[in-house]
Structure formats: C-alpha cells, structure tokens
Amino acid sequence: MNIFEMIKQAFIQWGVQLHDTFIVESRYMMLVDGLKNTMIITLGALLIGVVLGSIISIIKYCGEDVPFMKPLCMFCDLYTTVI
C-alpha cells in the first residue's frame with residue numbers, strides 16, 4: 001500500500017469517526033445550544049457595557065463643572081482607571 005492510499009484511508013476513518021461522534025444521536029445539537037448560550041451571554045454583556053459606559057461618560061463630561069457631582073466624577077475617574 002502506497003502513502004496516498006494510507007492517507008486516503010486515514011481521512012476516511014477520520015470522517016467516519018467524525019460522523020459517529022457528532023451526527024449519530026444528534027450530538028451536534030449540543031454545539032448549537034452552546035453557540036446559542038454564548039451569543040446570549042455576549043449580547044447581554046455588550047448591552048451592560050454600553051449602558052454603563054454611556055452613563056459614566058455622561059457623568060464625567062457633564063459633571064466636571066458641577067460642585068455636587070465632584071465625588072461622583074472622582075468615582076467615575078477611579079472606575080475608568082481601574083477598569
């Protein structure tokens with residue numbers, strides 16, 4: 001058996017093993033469910049980040065000249081420095 005036949009047999013065995021692992025008993029659906037959960041978590045984190053970032057930027061921009069907002073501005077400065 002030459003090298004090309006051996007490579008062909010290896011790919012055929014790999015394909016059969018892949019089929020048995022994912023297609024049989026619909027195990028690929030676990031990957032689909034995992035992808036769905038990942039997308040939900042990512043979109044939730046994106047929403048939280050945009051809302052929190054917008055609030056902090058508005059406070060830092062608008063609160064610089066307002067005396068009673070100085071502590072809040074200092075907290076936002078500390079938050080952005082740490083994060």
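Right above here is the structure, for reference.
Residues numbered from 1 in each chain as written. Predicted model: local features only at pLDDT ≥ 70, side-chain atom pairs only at ≥ 80, totals over all residues. Heavy atoms only, no water.

### As for helix α1 (residues 3–23)
Quick reminder: α-helices carry 3.6 residues per turn. Residues three or four places apart thus point the same way. Its 21 residues give α1 an end-to-end C-alpha distance of 29 Å, which sits within 8% of 30 Å, the value for a rise of 1.5 Å per residue. Where α1 begins, the side chain of Asn2 points an oxygen toward the backbone nitrogen of Phe4, at a separation of 3.2 Å. Of the residues one or two after α1, Glu25 is the one with positive phi, at around 60°. (Helix = DSSP H or I, 4+ residues; strand = E, 2+ residues; numbered from the N terminus. Expected span 1.5 Å × (residues − 1). Polar contact = N/O pair within 3.5 Å; in protein donor to acceptor, adjacent residues only side chain to side chain.)

### Notes on unusual backbone geometry
Of note in the backbone geometry, Glu25 takes a positive phi value of approximately 60° without being a glycine. Here Glu25 lies in the loop between α1 and α2 (28–62). Residue class for Glu25 comes out exposed when judged on its relative accessible area of 63%. Phi at Ser26 takes a positive value of approximately 55°, unusual for a residue other than glycine. Along the chain, the position of Ser26 falls in the loop between α1 and α2. (Buried < 20%, exposed > 50% of the residue type's maximum accessible area, 1.4 Å probe, protein only.)

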